[in-house]
Amino acid sequence: MIIELTNEFKEAIPVLNCLENHGYQAYFVGGSVRDAILRRPIHDVDITTDALPNEMKRIFKTADNYAGEKHGTDLVFLNGKKYEVTTFRIDGKYLDNRHPKNVSFTKNLKEDLSRRDFTINAFAMNQEGELFDYFSGLNDLKKKIIRTVGDAKQRFSEDALRILRAFRFSSQLDFKIEEETLRASQMIKENLNDIATERIFVEFSKLLAGKNPQRSLRQMYDLGIVDFLPGHKLITDQSDLFRNYIGIQSSSDAINWTRFIFFSNLRESSLTKYLGSWKMSNQLKKQIFKSINLLEKDKPSKLDLFDAGLEISIALSAIKRDDRNNLLSDYENLAIHDLSELDINGIDLKNIGIPVGPIYGKIIEDLKEKVILGKINNNKQRLLKEAKDDYINMGTIKK
């Protein structure tokens, strides 16, 4: 079968040419080939070769001390682009349910592809678009199924993260997981205890963004695999969430996670604990927390909208509300959208004789609320007068 090369592959052909001109084999490999067959957007183009890492270094400019180099992967720079190029390899024994203790290199493309996780990821393609499919991945694509390369139990025993990847691909592509693969995922699920939370987060985020997260989540619940997701015990009604959740296929992690957590009914301290159990960025945690706080209010006030800030667009994209347009309009019409827009600051307070200290925060907060609620204008002279009155009313100085 011949695959039409997209621009992403065409731009990478010089890398294959360089390797082949030096007497080595070189192919495009993995998920990018799968996506080309399915006519999905191509992201990273990976390359495999029988050239050893030190041989690649003699041919290309490569990254120094690249993390993947111990497993045969070099980061190659050519014509302003960078590509991961990996030597054909055979994985040694897996000791931590995630990584092989060692790898050995081979000259055989099929041996390299045989170590990969799923048949639909075990493709190779040359620069003419000729497809190499040793494990019937093309047939599985046509049947829309996820199936491991070789024995499913062995594949999952080698790397337990592959269990989550199976459900992630099932969600992303809207493919069913083949029965033997599904059974093996249940048999090996305890090994997920050895997987780093960061890796679980990446796979689960992609699952939530997929075409059919509801089927994956339901199967994960039925098989007990959700028990190995961080913070799962904080969700009091897991059955309702994992059986009935419906995604919206957003490309935004903030929107997908806000939607998932909203239907989990996690709020306040439980929400804080749940977010803390995941290894996600502080920015994403803040976006989720602010979005959930807004969404749980039936009639958000102007102060609620100010507190939500730009996260209002995340919240209202995650959950449909009849008052969406009104809330967006009310937010746009706020007198200020950020504390920095308040026409007064700490220096101004100092200049009118208010001593530096915690009182500053209290006064600024009071002024912010009055401006947002329309009680006073955002005018420096008016704010200074109100600040002095605040300071007097707090009993600090005499009138």
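Residues numbered from 1 in each chain as written. Predicted model: local features only at pLDDT ≥ 70, side-chain atom pairs only at ≥ 80, totals over all residues. Heavy atoms only, no water.

Looking at an unreviewed UniProt entry, one finds the protein named Polynucleotide adenylyltransferase and attributed to Oenococcus oeni ATCC BAA-1163. UniProt annotates the protein under Sequence similarities (unreviewed entry) with the comment "Belongs to the tRNA nucleotidyltransferase/poly(A) polymerase family." Listed in UniProt under the heading Cofactor (unreviewed entry), the comment for the protein reads: "Mg(2+)". (UniProt positions renumbered as here; feature names shortened; annotations may be inferred.)

Caption draft 1: A look at the packing of helix 14 (residues 282-295) against helix 16 (residues 311-318). Look at helix 14 against helix 16: their axes get within 9 Å of each other, and the N-to-C directions meet at 65°. Regarding helix 14 and helix 16, the two cross each other, and that crossing is right-handed. For the pair helix 14 and helix 16, the contacting residues are Q283, K286, Q287, K290, S291, L294 and L295 in the first and E311, I312, I314, A315 and L316 in the second. Residue composition of the contact of helix 14 with helix 16, by class: six nonpolar, three polar and three charged. (Axes fitted to C-alpha atoms, helices over the stretch in contact; angles between N-to-C directions. Helix = DSSP H or I, 4+ residues; strand = E, 2+ residues; numbered from the N terminus. Left-handed = near helix turned anticlockwise from the far one by under 90°. Contact = heavy atoms within 4.5 Å. Nonpolar A, V, L, I, M, F, W, Y, C, P; charged D, E, K, R; others polar.)

Caption draft 2: Layout of the pairing of strand 1 (residues 26-29). The alternating pattern of strand 1 places A26 and F28 on one face and Y27 and V29 on the opposite face, and all of these are buried. Sheet analysis places strand 1 next to strand 2 (residues 46-49), joined by four bridges and oriented antiparallel. Bridging from a neighbouring strand, F28 pairs with I47 of strand 2. Here two bridges tie strand 1 to strand 8 (residues 124-125), and the two strands are oriented antiparallel to one another. Counterpart to V29 in the pairing with strand 8 is A124. (Buried < 20%, exposed > 50% of the residue type's maximum accessible area, 1.4 Å probe, protein only. Pairing = 2+ DSSP bridges.)

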